[in-house]
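Understanding the architecture of this molecule
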Amino acid sequence: MSTYVAFHGGTLVLRDVAEEERPPRPFRFVKGRWRCEAYHYGSILPYLQEEAIHNGVPRWKPLNLVMQDTREAHDYQLEALAAWDKAGRRGSIVLPTGAGKTFVALQAILRVNRSTVVIVPTIDLLHQWYARLMNAFACEVGFYYGSEKKIFSQGESGAFQIIPLTVTTYHSAGDLIAEHGNAFKLLICDEVHHLPAKTWGEAALMAPAPFRLGLTATYPEEQEQTGERWRLDELIGPIVYTQQLESLVGKQLAEYRTQRVRVDLTTEERVSYESLHKSYLGFVRERGLQRTHGAGWLRELMRLSTVDPIARRALLARRQLLNLLESCQGKFAALEVLLREHAGERILVFTESNAVAYAIARQYLVPVISHETGVVERKRILDAFQAGHYRVVVTSKVLNEGIDVPEAKVAIILGGGASKREYLQRLGRILRKKEPLQAVLIEVLVRNTIEEGKVQRRQVPREKR
Amino acid sequence: MLTSELIRPRLRIQGSILRVEMVNEQDPALQQIAQDLICLFQRHQGQSQAAWEEAVRAYEGANVDYVFIRGLAKVLMDAATFKPLTTPLPPATLREQVFAYGPVFEQPDIFHTATRQEVLREVAETLELSAGELDEILFADRGASYRLTDAGPTWTPSTLLARYNLELARGALYWASHITIGVASNYKDLWKYIKLFKLMFWAEPGQNGGYRIDLDGPISPFVSSTLRYGRQLAAFLPALLLCERWHMQAYVHPPQAPGGTLYRLDHTCSLRSHFKSSGMFDSRLEEDFASEFEQKMGEKRGHWRMIRESEVLLLGDTVMIPDFALVDDVDETRKILIELVGFWHPTYLRRKVEKVRAANCAHLLLLVYQGLNVTEEAFEGSASEVIFFQNKPVLKEVMETVEAMANRIYGPRPKRRRKKKTKSLE
């Protein structure tokens, strides 16, 4: 029988190579066979050829894409690509935010012209990449995350094949790669600085893709990589290009102003608020949870709520209190006034919860984007919003990281629950603009409630970025 | 399976030992809760998932047992079917049509001349629906608005509590990196599920008979204590419960104790599997062969005893489990294995032939259906015996071959009935 190397669940396995034959590192003799992590594929190719071992690993295909995006590459983008080519198409490119990392990746895909998988940290980014890839190549793009998985398409012969251009999240990538890792020759890791984290690197470890591209604005320092399971250089390759063009940042950011609208609770709402507040924060203070458990105090409250009836009531009060603040009459009235006031403009409405986002969508008949919204519908909604077909889009927490909605000029945030990071990201959403139009961020808060305290604590500086 | 937040509060850690706080299936108070939820669920037949979830919240009230109540509710839901309402067009298309008019208000103004009701009515008309109907199906594709169409199996409080306990045990394995099991029966089902859940195994003969099996996944040797396969291990657990005598040791890294804990279970636990044990026989052919043997050779008519699938031939990363073992009454070390190769798909047959060659097993007898496109050469170089048959194996011929094989391998059969005799053979 002839010797053979196969891809198996993220590993490379030599078949019919006896224990005595001792193939080179990184192979290890485990459970009766010589095996290694699939990311070594590129480096063991010479060995396979020398020993004439039949290579059953690659299942990737030519892409034959045509670039529909007519934008020309900047010089620094071309330099970055040339450096990556020269390094054997392995390694990371470090560019500041807003410098067109996605564009660089599109060009890299075009050059390699073989099946590619893109891994991104968040579902928002997944949607964004999906849209960019569709727009750039006008071809089918696969997606694989949480509840939505579409990675097969029916070929002309009727057989199902892996879509050779697929986007996934770090969270789901492991399963995709374990099963179909050998279907991709180029692996692109967006925000590659996440990779050293405990489970996030597993996908890159299990992928045989010989070509790898990491993208980030902030490459982790050496010390940030130690103590983690794997090092970026090993999984992706070294940094091949760095550009810290400060001038790039800011150029694309528009002027903005923030505005706060304060509303009151009705008398009835106020009565319930005070009683819920007492039950909830009264308990937390009395037990000194914040003092004893620091940032983990809420988890401790949850733990207590499974054994202590008072803690349980405090936790319920917390939920009811947040519901009350989010759906109080004053907020809806203020929202309605704002929607009428900005009648001519594109408006994004942010809510804290799904329930309120859907309630607004139903009441005002405007599209909603939540984590339940599928890739295809989401792109259609955002495209229609950009085109002016929709004037208002309401969204729960999901639109949080780096999605471009350049036409949005007004953002309305219902509720002061957002953390500093979320707040900045929402700001960024309306700031990434084409024209120097003034954008407005309007926050609707309930007066004399915990919402005002949260806003105080946040203290976002007014500088850009 | 339960979500991890319904598992975590029920894990107890003492030193390096992990325990799962299970419920007493006989406790009348818990039985009552189970009964209430079963009735509540039945009453929600035809209603939306959101309505059911709301009802569970209301039932929970300020009860501190909410983790338990939600767990039961989840078990009920998982075994049931929720389906979307039928709509004349996909709901996303309906929304596109309706939202083209938004935002709308109760009081129209110069920019917003139509009210919500007018928009709904206008779009609904084109679809021959009423405004109310359109309103109802606008988000028919959200899980929350799916309707409960089939409430699943008929639960009793006891079966529901038992299943909840099983799900808790499974849940502990969400954080498992690998498990080690010892078993002495029901191999066929075990292997079937190990393969189904794409686990990797390494099996060795155990000390007291049976086998010791390590279970993890392909990447496990390279990523120490990866939790990648936790879900698969959890899914697999009920297969282990199908065995008669077994024990399991799981290496679990729950968030409360990331350093690692041991979770042990064995056949004395009261958990029951909901997986079906496969039937005695895989095919009619096997069944007929076994019954003919019993008729003609069973009881005291012969000196061979037939045992089903008792032997595992370990072949590296796969196994072969011959259909029958014939054991000599006088000397149990005299054993002939029989594998029936019936009407199989060619690929399956090729794998089977490869396995036979790999097993290189002299006391294996293959009974091969002649209609198969397989010739004697296929088995050349293997140590096993082959008999071809046309309609069914001829028992007489089979037994003659068995005797001949036994004589060849084990030497002449000892004449005397069994006693504490000196072993004449190695």
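All residue numbers refer to positions counted from 1 along the written sequence of the respective chain. Numbering of ligands from 1 and lettering of chains from A proceed in the order in which they are written. Only residues with pLDDT of at least 70 are given local features in this predicted model, and only at 80 or more are side-chain atom pairs given and counted; all residues enter the totals for whole chains, interfaces and linings.

The numbering of helices and of strands both runs from the N terminus, where a helix is a DSSP run of H or I of at least 4 residues and a strand a run of E of at least 2. Counting its regular elements, chain B contains 13 helices and 16 strands. This radius of gyration counts C-alpha atoms alone. The globule rule is 2.2 Å times how many residues there are, raised to the power 0.38. For chain B, whose C-alpha radius of gyration is 30 Å, the value lies well above the compact-globule estimate of 22 Å for 426 residues. Its C-alpha atoms give chain B principal-axis dimensions of roughly 105 × 55 × 45 Å. Out of the 426 residues belonging to chain B, those deemed buried represent 32%. When contacts within chain B are restricted to residue pairs at least 6 apart in sequence, long-range pairs at least 24 apart make up 66% of them. Each residue is classified by how many other C-beta atoms fall within 10 Å of its C-beta atom, where C-beta atoms are placed from the backbone; a count of 20 or more means buried, 12 or fewer means exposed, and values in between mean partly exposed. Here contacts are defined at the residue level, using C-beta atoms placed from the backbone and a cut-off of 7 Å between them.

Let us now look at the overall build of chain A. Counting secondary structure elements, chain A contains 17 helices and 21 strands. Across the 465 residues of chain A, 43% fall into the buried class. Long-range pairs, those at least 24 residues apart, make up 75% of the contacts in chain A between residues at least 6 apart in sequence.

What follows covers the sheet that holds strand 9 (residues 148–150) of chain A. Residues and elements named next belong to chain A. Between any two strands, pairing holds if DSSP finds at least two bridges. Spatially, 8 strands are ordered 9-8-12-7-13-14-6-15 in an open sheet, and the strand pairing comes out mixed. With partners counted over all chains shown, the strands left at the sheet margins are strand 9 and strand 15 (239–242), one partner each. Neighbouring strand axes in the sheet, compared pairwise and without regard to direction, differ in orientation by 20 degrees on average. Against the sheet, helix 2 (residues 75–86) touches strand 6 (90–94), strand 14 (211–216) and strand 15, its axis set at about 165 degrees to strand 15. Of the strands in this sheet, strand 6, strand 7 (116–120), strand 13 (186–189) and strand 14 are in contact with helix 3 (residues 101–112), which crosses strand 14 at around 170 degrees. Comment: axis = line fitted to C-alpha atoms, over the contacting stretch for helices; angle = value between 0 and 180 degrees taken between N-to-C directions.

As a further point, take the pairing of strand 13 (residues 324–328) of chain B. Remember that side chains alternate between the two faces of the sheet whenever the strand is regular. Residue and element names in this part refer to chain B. Residues Phe324, Leu326 and Asp328 point to one face of strand 13 and are all buried, whereas Ala325 and Val327, pointing to the other face, are not buried. Here 5 bridges tie strand 10 (residues 304–308) to strand 13, and the two strands are oriented antiparallel to one another. Across the sheet, residue tryptophan 304 finds its bridge partner in strand 13, namely aspartate 328.

Our focus in this paragraph is helix 15 (residues 375–387) of chain A. Every α-helix carries 3.6 residues per turn, so stepping three or four residues along brings you back to the same face. Residues and elements named next belong to chain A. Multiplying 1.5 Å by the residue count of a helix minus one yields the expected span of that helix. The end-to-end C-alpha separation of helix 15 is 18 Å, in line with the 18 Å expected for 13 residues at 1.5 Å each. Listed in full, the buried residues belonging to helix 15 are Val375, Arg378, Ile381, Leu382 and Phe385. Projected onto a plane normal to the axis of helix 15, the buried residues spread over an arc of 130 degrees and lie on a single side. Among the residues trailing helix 15, glycine 388 stands out with phi positive, at a value near 90 degrees. What the arc measures is the spread of directions leading from the helix axis to the C-beta atoms.

Bringing the environment of leucine 213 of chain A into the picture now. Residue and element names in this part refer to chain A. Among the secondary structure elements, leucine 213 is positioned in strand 14. Spatially, the C-alpha atom of leucine 213 lies 5.5 Å from that of serine 92, the residues being 121 residues apart in sequence. Sequence-distant contacts of leucine 213, defined by excluding residues within four places in its chain, comprise Trp84, Ile93, Ala105, Ala108, Leu186 and Ile188.

All names here are of chain A. The sheet built from 5 strands is open, its strands ordered 3-4-2-1-5 with mixed pairing. Only two strands of the sheet have a single partner each, and these edge strands are strand 3 (28–30) and strand 5 (54–55). The pairing of strand 1 (residues 4–8) with strand 2 (residues 11–15) spans 5 bridges and is antiparallel. Paired with valine 5 across the two strands is leucine 14, which belongs to strand 2.

Turning our eyes to something else, we now look at the domain arrangement of chain A. What the domain assignment reports for chain A is domain 1 (4–55), domain 2 (75–248), domain 3 (256–264 + 328–458) and domain 4 (267–325). All the domain ranges listed were derived from an automatic or database domain assignment. On a C-alpha basis, the centroid separation for the pair domain 2 of chain A and domain 4 of chain A is 43 Å.

Next up on the list: the domain arrangement of chain B. Size of an interface: often given as the accessible area lost when the parts come together. Taken domain by domain, chain B holds domain 1 (4–79 + 155–266), domain 2 (91–140) and domain 3 (284–410). Measuring from the centre of the C-alpha atoms in domain 2 of chain B to the corresponding centre in domain 3 of chain B gives 71 Å.

Quick look at the interface of chain A and chain B now. Counting residues at the interface gives 37 residues for chain A, matched by 32 residues for chain B. Elements with a contribution of two residues or more to the side of chain A that touches chain B: strand 4 (33–37), helix 6 (202–206), helix 12 (309–326), helix 13 (329–341) and helix 14 (354–364) of chain A. When residues of the side of chain A that touches chain B are assigned to their parent elements, the largest contribution, 4 residues, is made by helix 12 of chain A. Charged means Asp, Glu, Lys or Arg here, nonpolar means Ala, Val, Leu, Ile, Met, Phe, Trp, Tyr, Cys or Pro, and polar covers whatever is left, Gly included. Of the residues that constitute the side of chain A that touches chain B, the class distribution is 14 nonpolar, 9 polar and 14 charged.

Counting residues in hydrophobic clusters, the biggest one holds 86 residues, and the most contacted among them are Leu72, Leu173, Leu233 and Leu365 of chain B. Among the elements that take part in this core, helix 4 (residues 66–78) of chain B stands out by supplying 8 residues, more than any other. Mapped onto the domain boundaries, this core takes at least three residues apiece from domain 1 (4–79 + 155–266) and domain 3 (284–410) of chain B. In this usage, the nonpolar core is the set of buried Ala, Val, Leu, Ile, Met, Phe, Trp, Tyr and Cys residues whose C-beta atoms join them within 7 Å. In terms of nonpolar packing, the next biggest core, distinct from the first, is built from 81 residues, Leu12, Ala136, Tyr144 and Ala178 of chain A among them.

Residue and element names in this part refer to chain A. Counting buried residues along strand 6, 5 of its 5 residues qualify, which places the element largely inside the surrounding structure. For strand 6 and strand 14, the ladder comprises 5 bridges, and the chain directions are parallel. For isoleucine 93, the partnering residue across the bridge sits in strand 14 and is leucine 215. In this sheet, strand 15 lies alongside strand 6 in parallel orientation, the contact comprising 3 bridges. Across the sheet, the residue bridging to valine 94 is threonine 242, located in strand 15.

Okay, the packing of helix 4 (residues 123–137) of chain A against helix 15 of chain A next. All names here are of chain A. At a minimum axis separation of 10 Å, helix 4 and helix 15 run at an interaxial angle of 70 degrees. It follows from the interaxial angle that helix 4 and helix 15 lie roughly perpendicular. Where helix 4 approaches helix 15, its residues His127, Tyr130 and Ala131 are matched on the opposing element by Val375, Arg378 and Lys379. For the contact of helix 4 with helix 15, a count of residues per class yields 3 nonpolar, 1 polar and 2 charged. Throughout this description, any angle smaller than 35 degrees is read as roughly parallel, any larger than 145 degrees as roughly antiparallel, any in the 65 to 115 degree range as roughly perpendicular, and the remainder as oblique.

This paragraph deals with the confidence of the model for chain A. In regions of low pLDDT, the predicted coordinates are not meant to be interpreted in detail. Residues and elements named next belong to chain A. Across chain A, the average pLDDT comes to 84, with 85% of residues at or above 70. You can read pLDDT as the predictor saying how much it trusts each residue, on a scale of 0 to 100. By mean pLDDT, helix 16 (residues 420–431) is the weakest element of chain A at 54, and strand 13 is the strongest at 97. The model gives residues 247–254 a pLDDT under 50, and that stretch makes 19 contacts with residues more than four places away or in other chains. This model gives residues 461–465 a pLDDT under 50, and the stretch forms 3 contacts once residues within four places in sequence are excluded.

Before going further, it helps to spend a moment on the environment of glycine 296 of chain A. One can find glycine 296 of chain A in the loop between helix 10 (289–293) and helix 11 (297–304). Spatially, the C-alpha atoms of glycine 296 of chain A and alanine 99 of chain A are 37 Å apart, while their sequence positions differ by 197 residues.

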